[in-house]
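Residues per chain are reported as follows:
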Amino acid sequence: MKNFKELAERLRVNRTLRVGIVACDQLSLQAVFSSQVAAWVTPVLIGDVSQIRQWLTDLDYSADMIIAAESPEEASRLAVNLVRAGQLDCLMKGNLHSSTFLKAIVSKQSGLKNQQLLCHVALNEIPAYHKLLLTCDGGMLRQPSLAEKQQLIMRSYEVMQALGVTTPKIALLSAAETLDPKLSASMEAAELSKKFKAQGLQIAGPISLDLSVSQESAKLKAYHDPVAGEADILIGPDIITMNVLGKSLTVFAGAKMAGVILGAQVPIVMTSRGSSIEEKVNSLLLALYCSKEEKNEDFGDQSRFNFH
């Protein structure tokens, strides 16, 4: 798919998904009632009831489920409890700090983290690229280990399959395509590439960014690989690399982005409080594709891969 418009047009789910907006704000409210997702979403609004009702009146919206919370901390706890009770299918961050939101989600006693790895995937619509590009992980894992990178590859692979890309091409980023024993990212990319190629995946690593997404660069450097210039997924060596890449795409390249946290009991939309309505809508779209209702199974299931 080339853009988020096409992604929205192709969306099909079995029923509307209950999306809890935690510390509901006006922009998030407008996002869930957007024409691109409204048909697939049942909003559950958690926060200041009087303010939420005023926004609904001003915007001419109606919502049946409004839950009172006196603080962002209480809103986060209530949302997590609703998920654990099976009453929400997706969470969306509203007007609160990410640390407050995540604290309730990762709580060992009452949170939503299961045995899977929590990771952030970002889907990007880039004017200079010919298709949607998934990047991982620029939001959760500071310095993923080899085992964690393996899980990121599998998670990203399944996300792209959920989006309709049956054989996604995966690039494991490093500074260059040549193996560098002094760079752990380079060595790990080579090991993972070999491992997943044996599973039948189209994967390249180590590989530089330009070779991953530019056929012209691959031609000039005589780099021959099915992934060259055609990557669907970029897996980075650390959070700094991928965070800088993501922000560079939006700030300098005019890209549109959607971001979702996966690995909890439900998909989690965690955009910045300053994100546009469009980014929030795009992130909801991605979450809808990644929902259990859409896939009918958990993400990160390693059973399809035969590792020894």
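Refer to the preceding data block for the structure.
Definitions and limits used
Residues numbered from 1 in each chain as written. Predicted model: local features only at pLDDT ≥ 70, side-chain atom pairs only at ≥ 80, totals over all residues. Heavy atoms only, no water. Buried < 20%, exposed > 50% of the residue type's maximum accessible area, 1.4 Å probe, protein only. Helix = DSSP H or I, 4+ residues; strand = E, 2+ residues; numbered from the N terminus. Pairing = 2+ DSSP bridges. Right-handed = clockwise from strand over helix to strand, strands pointing away. Axes fitted to C-alpha atoms, helices over the stretch in contact; angles between N-to-C directions. Left-handed = near helix turned anticlockwise from the far one by under 90°. Contact = heavy atoms within 4.5 Å. Nonpolar A, V, L, I, M, F, W, Y, C, P; charged D, E, K, R; others polar. Parallel < 35°, antiparallel > 145°, perpendicular 65-115°, else oblique. Phe/Tyr/Trp six-rings, centres within 6.5 Å; stacked < 30°, edge-to-face > 60°. Disulfide = S-S within 2.5 Å. Core = buried A, V, L, I, M, F, W, Y, C linked by side-chain atoms within 4.5 Å. Expected span 1.5 Å × (residues − 1).

Caption draft 1: Broad picture of the pairing of strand 2 (residues 41-47). Most of strand 2 sits inside the fold, with six of its seven residues counted as buried. Two strands pair when backbone bridges link them, and strand 1 (residues 17-22) and strand 2 are joined in this way by six bridges, in the parallel orientation. For Val19, the partnering residue across the bridge sits in strand 2 and is Pro43. Note that the unit made of strand 1, helix 2 (residues 26-32) and strand 2 has a crossover that is right-handed. Note that the unit made of strand 2, helix 3 (residues 49-59) and strand 3 (residues 65-68) has a crossover that is right-handed.

Caption draft 2: Layout of unusual backbone geometry. Residue Cys136 is joined to Asp137 through a cis peptide bond whose omega torsion reads 5°. Position of Asp137 relative to the elements: it lies in the loop between strand 6 (133-136) and helix 6 (146-162). Cis geometry is found at the peptide bond from Gly205 to Pro206, where omega equals 0°. Its place among the elements puts Pro206 in strand 8 (residues 202-207). A positive phi angle, close to 55°, is found at Ala23, a residue other than glycine. Its location among the elements puts Ala23 in the loop between strand 1 and helix 2. Of note in this structure, Ala222 is not a glycine but carries a positive phi near 55°.

Caption draft 3: Focus on the packing of helix 4 (residues 72-84) against helix 5 (residues 98-106). At a closest axis distance of 9 Å, the pairing of helix 4 and helix 5 adopts a crossing angle of 35°. As for how helix 4 packs across helix 5, the hand of that crossing is right-handed. The residues of helix 5 that touch helix 4, namely those facing Pro72, Glu73, Ser76, Arg77 and Val80, are Thr100, Phe101, Ala104 and Ile105. Grouping the constituent residues of the contact of helix 4 with helix 5 by class yields five nonpolar, two polar and two charged.

Caption draft 4: The arrangement of the pairing of strand 10 (residues 256-262) in detail. The element strand 10 is extensively covered by neighbouring structure, given that six of its seven residues are classed as buried. Two strands pair when backbone bridges link them, and strand 5 (residues 119-125) and strand 10 are joined in this way by seven bridges, in the antiparallel orientation. Note that in strand 10 the partner of Ala122 across the bridge is Gly259.

Caption draft 5: Region of the structure containing the packing of helix 6 against helix 7 (residues 184-197). Running from amino to carboxyl end, helix 6 crosses helix 7 at an angle of 50°, the nearest separation of the two axes being 11 Å. One element, helix 6, and the other, helix 7, form an angle in the oblique class. Between helix 6 and helix 7 lies a crossing whose hand is right-handed. Within the contact between the two elements, helix 6 uses Leu146, Lys149, Gln150, Ile153 and Met154 and helix 7 uses Ala185, Glu188, Glu191, Leu192, Lys195 and Phe196.

Caption draft 6: Structural detail: the environment of Gln161. With respect to the helices and strands, Gln161 occurs in helix 6. Classification of Gln161 by relative accessible area gives partly exposed; the value is 29%. On a C-alpha basis, the gap between Gln161 and Tyr289 in space is 9.8 Å, while along the polypeptide they are 128 residues apart.

Caption draft 7: Fine view of the packing of aromatic side chains. Summed over the entire model, instances satisfying the criterion amount to one aromatic pair. With a centroid separation of 4.3 Å and 10° between ring planes, the pair formed by Phe33 and Tyr61 is classed as stacked. Of the two residues, Phe33 is situated in the loop between helix 2 and strand 2 and Tyr61 in the loop between helix 3 and strand 3; the sequence distance between them amounts to 28 residues. Judged by relative accessible area, which is 21%, Phe33 ranks as partly exposed. Residue Tyr61 is classed as partly exposed on the basis of its relative accessible area, which comes to 25%.

Caption draft 8: The state of the cysteines, seen in detail. Within the structure shown, the criterion is met by zero disulfides. Distance from the sulfur of Cys136, which forms no disulfide, to the nearest cysteine sulfur (Cys119) is 4.5 Å. Given a relative accessible area of 0%, Cys136 falls into the buried group. For Cys290, which is in no disulfide, the shortest distance to another cysteine sulfur is to Cys90 and amounts to 9.5 Å.

Caption draft 9: Region of interest: the nonpolar core. Counting residues in each nonpolar core, the largest one holds 58 residues, and the members touching the most others are Leu7, Leu123, Ile153, Leu163, Ile170 and Leu286. Of all the elements, helix 11 (residues 277-290) adds the most residues to this core, at eight residues. Apart from residues lying up to four places away in sequence, Ile170 is in contact with Ile153, Tyr157, Leu201, Gln202, Ile203, Ala204, Val227, Ile233 and Ile235. Formed by 24 residues, the second largest nonpolar core is a distinct cluster that contains Val44, Leu82, Ala264 and Ile268.

Caption draft 10: How the structure looks around helix 4. For helix 4, spanning 13 residues, the distance from its first C-alpha to its last is 18 Å, which sits close to the expected 18 Å at 1.5 Å a residue. Here the buried face of helix 4 lies against strand 1, strand 2, strand 3, strand 4 (90-93) and helix 5. Following helix 4 by one or two positions, Gly86 has its phi on the positive side, about 75°.

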